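Topology and contacts: notes
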Protein chains: 2
Amino acid sequence: MKAVYAEIITVGDEILYGQIVDTNSAWMGTELTKIGIRVKQITSVSDEASHIVQALDDARSRAEIILITGGLGPTKDDITKNVLADYFHTELKLDEQSLADVTELFKSRGYALTELNRQQAFLPASCTPVRNVLGTAPGMWFEDKGKVFVSMPGVPFEMKRMMEDTVLPQFKAYFKTPHIIHKVIQTVGIPESMLAEKLEDWETSLSPHIRLAYLPHLGGVRLRLTGTGDNAELLETELETEVSKLSALVPKHIFAYGEVPLEEALGSLLKERGLTIAAAESCTGGYLAHRITSVPGSSAYFMGSVVAYDNSVKMQLLGVKSETLQQHGAVSEATVLEMAQNVRQKLNTDIGVATSGIAGPDGGTAEKPVGTIWIAYADQHGAKAKLLQYNKNRQLNIEYTALAVLNLVRQSLNIAVEE
Amino acid sequence: MKAVYAEIITVGDEILYGQIVDTNSAWMGTELTKIGIRVKQITSVSDEASHIVQALDDARSRAEIILITGGLGPTKDDITKNVLADYFHTELKLDEQSLADVTELFKSRGYALTELNRQQAFLPASCTPVRNVLGTAPGMWFEDKGKVFVSMPGVPFEMKRMMEDTVLPQFKAYFKTPHIIHKVIQTVGIPESMLAEKLEDWETSLSPHIRLAYLPHLGGVRLRLTGTGDNAELLETELETEVSKLSALVPKHIFAYGEVPLEEALGSLLKERGLTIAAAESCTGGYLAHRITSVPGSSAYFMGSVVAYDNSVKMQLLGVKSETLQQHGAVSEATVLEMAQNVRQKLNTDIGVATSGIAGPDGGTAEKPVGTIWIAYADQHGAKAKLLQYNKNRQLNIEYTALAVLNLVRQSLNIAVEE
């Protein structure tokens, strides 16, 4: 089957001058790739008609699909709509549905429609409008000499919603792209190179229509298995089989199937088992609690966290013994164990976790350099601590430590089940 | 003075397929803008020789400077260097300095140099190498028919270091760009449109060589005043005068001059006054403490936070009265005031702050819909609470609430001084 190519054109000086990072294109690239459309080029151009026209001409010479974002606002800087009307030799006319949508939007916000925003409902006569339920600028779908052009606002959540609701489904139908199925397997606590070693033989044995991608990120390595074929059902079965084989090779490191963050996977596990958790944080400074509470519904299993930044708080609220702090220091196995055990008792939860370390960039000693971090886990069976050794980057140290704690809880729960 | 134009070309399928977001170009756009070079287009192309050559030809037709990132790695996917050697009709030859650098880099990591990495020290004969002290791929500076081409690795920290150390200073010298001075003024707690209204007359009165940019972001509106001129000293004086005039127009909303986040500006204020702070968090779930502790050295003024997610924790650790919770609910002025006052007392700090609200996306009622959030501030003079009303986005609600608390503390401290 012949590949379908797309190009993305972003319009607006604010991207060129670095005032905003273009995250839209990466999102679009990911979604297009998923349905078998390959992005050939991404082009960011200025708010100038001649420059936009040149980019349109260049893009159509290489691709079947041209996606344009930006330049659809109500002010005079925003010229994309007029440029497209000229480019396709058509005129602007009022689109009743778009007017109704924008009127409704303003009403829901308690404002009357302004004339500038009313103008946004005038669209090139030759386009099919793409509804925008989250903003004032409708999208536009043009077909011209076998090429499809789609113009959308640059506001990320508006563009995403329009892509998901309208544009991507229409591309699938219009270009009869092959069935493409993705399976995401999320791992944590194993570096990419070790993972690759464990999966090597299996990966080599994959059929050519199934490919594996390693997508490492701060929180671990996401594996994406992509299958392409004409029979969706057969393909699904094949992929499921391969996912099972993969899972058997690295059972301890997989925390989720699909796009689920670790804190959400852990939350589901806790809810499923009817367990509650509390934290006592020093070096993570509230970030661990933030990660846990970023999951909607986390109040079902998360009771609270004591961010005991100062030693006085460790003693007063958590009951850490002053002898422990004096003898071993705040960053020590003894302290972090007391913190985890005591917060579990005080907050009356099934599980208590704790962090204490030197996040940096300063504050290290020869014995305990910056990046020396202790974490602990406590439950009814007892408590255990783990020493982490990172480097001088405060932000990364906080991030990695929270991740290590979440993973420690996950592992402890899974081991408990296996026993 | 004639404007100098640059274009940026990024090479690599990983950007097109959305596996990574191109943050390099925005950074480069910002830095180039600062020295008076305008970015005309950003183009992301695939790892194909003909595609890279086409992008080079297109870019040189529009700009004097062509910056290329990516495709310099040691594997066979990485073809930028060979494409450039062909494009400029030159051959690869060993660059001794680059070989010494890469050998040293491997030695410092405890590895012997591999043949693949040794190959990276072979560079096109006609280029001037750009040193890369943080990675294995040197950069390349070419001059051809009045145009400058610079190729650098796509690894952000390597590219940035090379730009700062070598490329940007050379551009300044080579293109004799004018003096450009930027002043950043950071505001919070005032929407862009109201700010614009207050500044309108003053902005209109600005000399044409001084421009104002509004850069709104999640945490407020950054104002950037940019002056261009031939006399740096005079320009600096002019800008300082304008900054003073601006400051007088919105004195209560400016929290920092320069690129300082609100939590850091607040930290400096607390340190300066010798004050300590503690937090009691419900809906922010540790995020407020995280923001405060993301500042290095925050342990000097931040004692801790009680993340009292469950009501039992509000009562037990914070001493919130059960009658208060029963009568008014957890999300109420009475509860949040007790939380702020009690955490201040228990943790023995000068200031106590608190948050309690319905972060969403579920859990609202008719009376207290999702996004209903109370925050409070307490010090030796007493306590005050403030009601916030946001919408259903959990992440934004948490973010905005933390910001509102930081700003409430900042305002309270400034008012205390004015009195």
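Residues numbered from 1 in each chain as written. Chains lettered and ligands numbered in written order. Predicted model: local features only at pLDDT ≥ 70, side-chain atom pairs only at ≥ 80, totals over all residues. Heavy atoms only, no water.

An unreviewed UniProt entry lists chain A under the name CinA-like protein, with Pontibacter lucknowensis given as the organism.

Observations concerning the overall build of chain A
Counting secondary structure elements, chain A contains 15 helices and 17 strands. Reported as C-alpha extents along the three principal axes, the dimensions of chain A are approximately 80 × 55 × 40 Å. Looking at chain A residue by residue over its 419 residues, the buried ones come to 55%. Accessible surface, chain A as shown: approximately 18,500 Å² in total, 51% of it carbon and sulfur. (Helix = DSSP H or I, 4+ residues; strand = E, 2+ residues; numbered from the N terminus. Buried < 20%, exposed > 50% of the residue type's maximum accessible area, 1.4 Å probe, protein only. Areas by Shrake-Rupley, 256 points an atom, 1.4 Å probe, with all protein chains shown as cover.)

Observations concerning the relation of the copies chain B and chain A
Each copy superposes on the other: chain B lies on chain A with an RMSD of 0.9 Å after a rotation of 180 degrees and an axial shift of 0.8 Å. A rotation of that kind, with that shift, is consistent with a two-fold axis. A symmetric contact is evident, with 100% of the interface residues of chain B recurring at the interface of chain A. (Least-squares fit on C-alpha atoms with pLDDT ≥ 70 in both. Contact = heavy atoms within 4.5 Å.)

As for the packing of aromatic side chains
Throughout the structure, instances matching the rule amount to 20 aromatic pairs over all chains. Ring centres of A:Phe171 and A:Phe175 lie 6.1 Å apart, and the angle between their planes is 65 degrees; on these two criteria the pair is classed as edge-to-face. For the pair formed by A:Phe171 and A:Phe175, the shared burial category is buried. Judged by centre distance (5.6 Å) and plane angle (40 degrees), the ring pair of B:Trp141 and B:Phe171 falls under tilted. Remark: B:Phe171 occurs in helix α7 (residues 156-174) and B:Trp141 occurs in strand β7 (residues 139-144); sequence separation between them is 30 residues. Here B:Trp141 matches B:Phe171 in class, with each residue buried. (Phe/Tyr/Trp six-rings, centres within 6.5 Å; stacked < 30°, edge-to-face > 60°.)

Observations regarding the packing of helix α2 (residues 24-34) of chain A against helix α7 (residues 156-174) of chain A
Residues and elements named next belong to chain A. Relative to each other, α2 and α7 sit at 25 degrees, their axes nearing to 11 Å. In terms of their interaxial angle, α2 and α7 are classed as roughly parallel. Considering only the axes of α2 and α7, their crossing is right-handed. Residue-level inspection shows Asn24, Trp27, Met28, Glu31 and Leu32 of α2 in contact with α7, the latter providing Pro156, Met159, Lys160, Met163, Glu164, Leu168 and Phe171. The residue inventory of the contact of α2 with α7, partitioned by class, reads eight nonpolar, one polar and three charged. (Axes fitted to C-alpha atoms, helices over the stretch in contact; angles between N-to-C directions. Parallel < 35°, antiparallel > 145°, perpendicular 65-115°, else oblique. Left-handed = near helix turned anticlockwise from the far one by under 90°. Nonpolar A, V, L, I, M, F, W, Y, C, P; charged D, E, K, R; others polar.)

Structural notes on the environment of A:Ser322
Residues and elements named next belong to chain A. By secondary structure assignment, the location of Ser322 is in helix α13 (residues 322-328). The exposure class assigned to Ser322 is partly exposed, which follows from its relative accessible area of 28%. Placed 71 residues apart in sequence, Ser322 and Pro251 show a C-alpha to C-alpha distance of 42 Å.

Focus on the interface of chain B and chain A
Listed as interface residues are 58 residues of chain B and, on the opposing side, 58 residues of chain A. A salt bridge links A:Glu48 to B:Lys40; the nearest nitrogen and oxygen atoms lie 3.3 Å apart. Looking at the side of chain B that touches chain A, the elements that each hand over two or more residues are α1 (13-16), α2 (24-34), β2 (37-45), α3 (49-62), α11 (287-293), β14 (302-308), α12 (311-316) and α15 (394-418) of chain B. In terms of residue count, the dominant contributor to the side of chain B that touches chain A is β2(B) (eight residues). Of the residues in the side of chain B that touches chain A, the class split is 25 nonpolar, 23 polar and ten charged. Judged from the five bridges that link them, strand β2 (residues 37-45) of chain A and β2(B) form a sheet pairing that is antiparallel. Paired with A:Gln41 across the strands is B:Val45, a residue of β2(B). (Salt bridge = Lys/Arg side-chain N within 4 Å of Asp/Glu carboxyl O. Pairing = 2+ DSSP bridges.)

What about the pattern of salt bridges?
The final tally for this structure, using the stated rule, is 30 salt bridges over all chains. Residue B:Arg222 is joined to B:Glu259 by a salt bridge in which the shortest nitrogen-to-oxygen separation is 3.0 Å. On the criterion of sequence distance, the pair formed by B:Arg222 in strand β11 (residues 220-229) and B:Glu259 in the loop between β12 (254-257) and α10 (262-273) is long-range, its members being 37 residues apart. With a relative accessible area of 22%, B:Arg222 lands in the partly exposed category. According to the relative accessible area criterion, B:Glu259 is exposed, its value standing at 53%. Salt bridges sharing common partners tie together A:Arg60, A:Asp144 and A:Lys145.

As for a negative patch on the surface
A contiguous patch of negative charge, built from A:Glu197, A:Glu200, A:Asp201 and A:Glu203, is present on the exposed surface. Counting through the fold element by element, A:Asp201 comes out in helix α8 (residues 192-204). (Patch = residues over 30% accessible without salt bridge, like charges linked within 9 Å, V, L, I, M, F, W, Y side chains within 5 Å. Lys, Arg positive; Asp, Glu negative; His and termini not counted. Charge placed at Lys NZ, Arg CZ, Asp CG, Glu CD.)

Regarding the sheet that holds strand β12 (residues 254-257) of chain A
Residue and element names in this part refer to chain A. Ordered by their spatial adjacency, four strands build an open sheet running β10-β11-β9-β12, and the pairing between neighbours is antiparallel. In this open sheet, the two strands that pair with only one neighbour each are β10 (210-217) and β12. With strand direction ignored, the average angle separating the axes of adjacent strands in the sheet is 25 degrees. Here eight bridges tie β10 to strand β11 (residues 220-229), and the two strands are oriented antiparallel to one another. Along β11, the bridge assignment pairs Tyr214 with Leu223.

Thoughts on the pairing of β7(B)
Residue and element names in this part refer to chain B. A large share of β7 lies buried, amounting to five of its six residues. Note that β7 and strand β8 (residues 147-152) share five bridges and pair antiparallel. Residue pairing for β8: Trp141 is matched across the bridge by Val150. Linking β7 to β8, which pair antiparallel, is a turn of two residues; within it Lys145 sits at a positive phi near 50 degrees.

Thoughts on the domain arrangement of chain A
Residues and elements named next belong to chain A. Considered domain by domain, chain A is made up of domain 1 (4-174), domain 2 (179-257) and domain 3 (262-418). Taken together, the contact pairs nine residues of domain 2 with eight residues of domain 3. For the pair domain 2 and domain 3, the summed buried surface comes to about 700 Å²; carbon and sulfur atoms form 67% of the total. Per-residue buried area on domain 2 facing domain 3 is highest for Val188, Leu218 and Phe255; these three make up 70% of the total on that side. At the junction of domain 2 and domain 3, the tally comes to zero salt bridges. Remark: the boundary between domain 2 and domain 3 carries two residue pairs in polar contact (both at pLDDT 80 or more). (Domains from an automatic or database assignment. Buried area = accessible area lost by both parts, 1.4 Å probe. Polar contact = N/O pair within 3.5 Å; in protein donor to acceptor, adjacent residues only side chain to side chain.)

What to know about the sheet that holds strand β15 (residues 351-357) of chain A
With respect to topology, ten strands assemble into an open sheet ordered β17(A)-β16(A)-β15(A)-β13(A)-β14(A)-β14(B)-β13(B)-β15(B)-β16(B)-β17(B), the strand pairing being mixed. Looking at which strands have only one partner, the edges of the open sheet turn out to be β17 (382-389) of chain A together with β17 (382-389) of chain B. The average angle at which neighbouring strand axes cross in this sheet is 15 degrees, direction not considered. Strand direction decides the pairing type here: strand β13 (residues 277-281) of chain B and strand β15 (residues 351-357) of chain B, joined by five bridges, are parallel. Across the sheet, the residue bridging to B:Ala278 is B:Gly352, located in β15(B). Together, β13, β14, β15, β16 (372-379) and β17 of chain B form the strand contacts of helix α14 (residues 333-346) of chain B, whose direction differs from that of β15(B) by roughly 150 degrees.

Examining α10(B)
The first and last C-alpha atoms of α10(B) sit 17 Å apart over twelve residues, in line with the 16 Å expected at 1.5 Å per residue. By the burial criterion, the buried members of α10(B) are B:Leu262, B:Glu263, B:Ala265, B:Leu266, B:Gly267, B:Leu269 and B:Leu270. (Expected span 1.5 Å × (residues − 1).)

A word on the UniProt feature "domain: MoaB/Mog" (unreviewed entry) in chain A
Per the UniProt annotation, the sites labelled "domain: MoaB/Mog" (unreviewed entry) are residues 7-174 of chain A. Counted over residues 7-174 of chain A, helix gives 43% and strand 24%. Its end C-alpha atoms are 16 Å apart. (UniProt positions renumbered as here; feature names shortened; annotations may be inferred.)

Things to note about the side chain of B:Asp144
Residues and elements named next belong to chain B. As for its placement among the helices and strands, Asp144 is situated in strand β7. The class for Asp144 is buried, based on a relative accessible area of 19%. Side chain to side chain, Asp144 and Arg60 meet in a polar contact 2.9 Å long. Contact partners of Asp144, with chain neighbours within four places excluded, come to Arg60, Phe88 and Phe149.

With respect to the environment of B:Lys198
All names here are of chain B. Tracing the backbone through its elements, the reader meets Lys198 in helix α8 (residues 192-204). Since its relative accessible area comes to 43%, Lys198 is described here as partly exposed. Lys198 sits 52 residues away from Val250 along the chain, and the two C-alpha atoms are 7.5 Å apart.

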